[in-house]
Amino acid sequence: MSKESQQSVIVFAALQLANEQRSAYGLRYNDFTRYRKHCANRTHRLRSTLKMTHGKGRDFKKLPPITTENIKDLHLQLLLLEAERAWAYSQDLSEQALQPNNASNASTLRHSATGRFRRAVHWATQLLSHAQTLHSSNRLSSENLLQVYVYTLILNGRLLRSKDEFEDALAQLGVARGVLDVLSQKAATSRTQALYVLFGDEIGPEIRYCAHEMGRERAYDIDAIVDEVTNSNREQLVPGCDELLKGLDVTTGAEKERKRLSELLWEGQPVPVRNPELVDVLLKVQEAEARLDGEKNEKKSSKKGVAAYDSILLALSDAEEVARKLVEAQQISGSTSSGAALGSGERDIHFVHAYIVYQLLSRRIQRDLLLVSALLTTSSTSGPTKRHQTGKNAKADQVDSRLYPAVVKILDTVLQSLDQMRTLSIVDDSPDLASAVDARISFTKARRCLFLARCYSPVKRYAEALTLIQHANIHIRETLSSLSLSASDPINTTTPTYFSLTSETVNDLEVSLSSDSLIFKRAWFTHNGGAVNDVEGQKFEKPLFFNIALNYVELDMDKLATRAGKQVEQPQAVETAPVHVLAPQPVKQVTKAKVEEARPETPTLEPAAVARGGLSSLLGGWWGRS
């Protein structure tokens, strides 16, 4: 009997199922038409699975009665989705009645909406009766039964509110909110706790509206109204509620600790997490942080330490995406979502999104700074003196040319993260934190200028390097000014400290800047005496294909020197014997036959002519000359 009873136990979380269906199929954006169609398709599939169809054509097939022995969790899902379908249809009709195009038949639409709402309450009441029967036979847990109670009370209270029966609606909604508060306190996991808080926040404005319509003086104090209503109506609306609350199953041991989300704090105040989807991703972030802390305690190498940040950055990116979608859904739907029942000074989903973005940027900055330190540690040089030597041993102590550009690129990403962090609302609202972020922005700019100046030094661009050193000194003064604006540095006191900045760190950077500046000046003076435009001392390099062109083209060096602005010595004139030039004789036209007769024989070449030919006769043979 014990094995059969364990197999027949039904697990049915009504609020969790309703929240998942609503979030996934349109109600996140108040699209009731889409959700109603989804519920219709889902109920059709469930009826087909349970073989609860009425047959085809004219043959009517009577459905078998649902008893305690043959009831399954799919039967409960079918009743819940039928209630959701009717409720979504009523909300859709109510929205259509408010449109100007339907002003003529608005009353008819409102009447139809009320009828569909009654139908939803009818399905929810059937679900509650089956849940009570299953609980009495120990096949349904107390928590699942309380969820069905809460769901039925919420639907019934909203129906009464739509009919302007505010006193009865306040009783129904107030008891539902009271039960949800107790369930959230006794929840086994953070996800179920967030689920109960989410449904409690949804009905909070409706409780305040009913109290306001009833003329209560403190209608804004929802907690006091809920306590008053719950004490007087809970046993009447939820029979045996105290026994049900005592019988809640609480998960104990390591599983409970693993599924429990640690409290998130910001400036000593808790960060509210009121959405189950957000709890899931934040649990992953919590697990990734635990793994990262464990690897830090093991003191692994710097490269492995950089790779350890991948998991936590991925988890924080997923959390940021979920929070951003919740913010967008709230803006599109026009509702206040999880912050519906919050006071003016409390934190909402916008604050949670900004908090997650801050954590993501801080971890990203921490990873980038660790990568910079790893690159500088693995370099073979020890100081700026060896780094910028000149002379015979300069190449032996010279660092890799790719090191400093890589460091500059990483510092650019750090600056981008810091600038994005400075624009967050939670940073802007805290003056001390804003000053600390500004100080780190200026300090990172100074470091960037230093490493960028070291990139210019190997290519003899000393003027640019010294200019960057001057800019770095300006950023150092800005850093000291920002640090002096606040008495304490919140980033240094938080755990973990992702960017430690102290006065000693600033002084060390200032010393490095002064020493590098002196080295650059000496190297510049050694190079060309400190001249900005080194044109006269510049060596002219041979153009491309210079040697090949010299073999075939006569290069006029005197002309090139004249164009270059140099004086060319004119060669002295050499006296030569006068050459008598004969006047050209007029050419007579001769016929072809006479030319052939008068053609002389080919003279024999003299030895002097052969010696005078030399290289020209050889090249002439290549070019086809006879």
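Here is what the cut-offs are and how they apply
- Residues numbered from 1 in each chain as written.
- Predicted model: local features only at pLDDT ≥ 70, side-chain atom pairs only at ≥ 80, totals over all residues.
- Heavy atoms only, no water.
- Helix = DSSP H or I, 4+ residues; strand = E, 2+ residues; numbered from the N terminus.
- Buried < 20%, exposed > 50% of the residue type's maximum accessible area, 1.4 Å probe, protein only.
- Contact = heavy atoms within 4.5 Å.
- Areas by Shrake-Rupley, 256 points an atom, 1.4 Å probe, with all protein chains shown as cover.
- Salt bridge = Lys/Arg side-chain N within 4 Å of Asp/Glu carboxyl O.
- Expected span 1.5 Å × (residues − 1).
- Axes fitted to C-alpha atoms, helices over the stretch in contact; angles between N-to-C directions.
- Parallel < 35°, antiparallel > 145°, perpendicular 65-115°, else oblique.
- Left-handed = near helix turned anticlockwise from the far one by under 90°.
- Polar contact = N/O pair within 3.5 Å; in protein donor to acceptor, adjacent residues only side chain to side chain.
- pLDDT = per-residue confidence, 0-100.
- Phe/Tyr/Trp six-rings, centres within 6.5 Å; stacked < 30°, edge-to-face > 60°.

Novice: Could you give me a rundown of the overall build of the protein, with the residues and numbers involved?
Specialist: Summing up its helical and strand segments, the protein has 27 helices and two strands in all. Across the 626 residues in the protein, those meeting the buried criterion constitute 39%. Excluding contacts between residues fewer than 6 apart, the proportion of contacts in the protein whose partners are at least 24 apart in sequence is 73%. In the structure as shown, the protein presents an accessible area of about 38,300 Å², 51% of it carried by carbon and sulfur atoms.

Novice: I'd like a rundown of the pattern of salt bridges, residues and numbers included.
Specialist: Taken as a whole and assessed by the stated rule, the structure comprises 24 salt bridges. Among the charged side chains, a network of salt bridges with common partners joins R158, R161 and E206.

Novice: Just give me the short version of helix 20 (residues 462–483), but keep the residues and values in it.
Specialist: Residue pairs three or four apart in sequence face the same way in an α-helix, which turns once every 3.6 residues. Here helix 20 spans 32 Å end to end across 22 residues, near enough to the 32 Å set by a 1.5 Å rise per residue. Turning to helix 20, the residues buried within the fold contact helix 19 (431–456) and helix 22 (503–528).

Novice: Explain the packing of helix 4 (residues 73–97) against helix 6 (residues 142–162) residue by residue, including any values.
Specialist: Interhelical geometry of helix 4 versus helix 6 gives an angle of 20 degrees and a closest axis separation of 13 Å. Put simply, helix 4 runs roughly parallel to helix 6. In the packing of helix 4 onto helix 6, the handedness of the crossing is left-handed. When helix 4 is examined against helix 6, the residues L80, A83, E84 and W87 are found in contact with a partner set consisting of Y151, L155 and R158.

Novice: Now, about the side chain of D368: what can you tell me, with residues and values included?
Specialist: In this structure, D368 sits in helix 15 (residues 349–378). With a relative accessible area of 6%, D368 lands in the buried category. Reaching out from D368, the side chain makes a polar contact with the side chain of T413 at a distance of 3.3 Å. Sequence-distant contacts of D368, defined by excluding residues within four places in its chain, comprise I410, T413 and V414.

Novice: So what about the confidence of the model for the protein? Which residues, and what values?
Specialist: Considering every residue of the protein, the mean pLDDT works out to 81; 77% of them sit at 70 or more. Taken as a whole, residues 605–611 scores under 50 in pLDDT and shows zero contacts with residues more than four places along the chain or in a different chain.

Novice: Report on helix 6, specifying residues and quantitative values.
Specialist: Spanning 21 residues, helix 6 covers 30 Å between terminal C-alpha atoms, matching the ideal 30 Å at 1.5 Å per step. In terms of burial, helix 6 is largely enclosed, as 17 of its 21 residues are buried. D164 sits one or two positions beyond helix 6 and adopts a positive phi of about 65 degrees.

Novice: Lay out the packing of aromatic side chains in plain terms, naming residues and giving numbers.
Specialist: Scanning the entire structure with this criterion turns up seven aromatic pairs. The interplanar angle of 85 degrees and the centroid separation of 6.2 Å between the aromatic rings of Y358 and Y498 together place this pair among those described as edge-to-face. On the criterion of sequence distance, the pair formed by Y358 in helix 15 and Y498 in the loop between helix 21 (490–493) and helix 22 is long-range, its members being 140 residues apart. One exposure class covers both Y358 and Y498, and it is buried. Between F443 and F499, the ring centres sit 6.4 Å apart and the planes meet at 70 degrees, which makes this aromatic pair edge-to-face. Separated by 56 residues along the polypeptide, F443 in helix 19 and F499 in the loop between helix 21 and helix 22 bring together distant segments of the chain. In this structure F443 comes out as buried when scored by relative accessible area, which is 5%. Every member of this aromatic cluster is reached through a ring pair, and the members are W266, Y355, Y358 and Y498.

Novice: Tell me about the environment of L180, residues and numbers included.
Specialist: Summarising the element assignment, L180 is placed in helix 7 (residues 166–185). L180 sits in the buried class, given a relative accessible area of 0%. In sequence terms L180 and L198 are 18 residues apart; their C-alpha atoms lie 9.4 Å from each other. Leave out the neighbours within four places in its chain, and L180 touches L15, V150, Y196, F199, G200 and I203.

Novice: An account of the packing of helix 2 (residues 14–24) against helix 3 (residues 32–50) is requested, with residue identities and associated values reported.
Specialist: The N-to-C vectors of helix 2 and helix 3 enclose an angle of 125 degrees; their axes lie 9 Å apart at closest approach. Between helix 2 and helix 3, the crossing angle belongs to the class labelled oblique. In this structure, helix 2 meets helix 3 at a crossing whose hand is right-handed. Contact residues: A18, Q21, R22 and A24 in helix 2; R34, Y35 and H38 in helix 3.

Novice: Account for unusual backbone geometry, naming residues and giving values.
Specialist: Residues other than glycine seldom take positive phi values, yet N30 does so here, at roughly 60 degrees. Tracing the chain through its elements places N30 in the loop between helix 2 and helix 3. With a relative accessible area of 32%, N30 lands in the partly exposed category. A positive phi is found at N138, a non-glycine position, where the angle reads about 60 degrees. Along the polypeptide, N138 turns up in the loop between helix 5 (106–136) and helix 6.

Novice: Go over the side chain of E320, please, and point to the residues and values.
Specialist: The topology assignment puts E320 in helix 14 (residues 309–333). Look at E320 and you get buried, because its relative accessible area is 17%. A polar atom in the side chain of E320 sits 3.2 Å from the side chain of H353. Discounting residues that sit within four places of it in the chain, E320 has contacts with H353, I356, V357 and L360.

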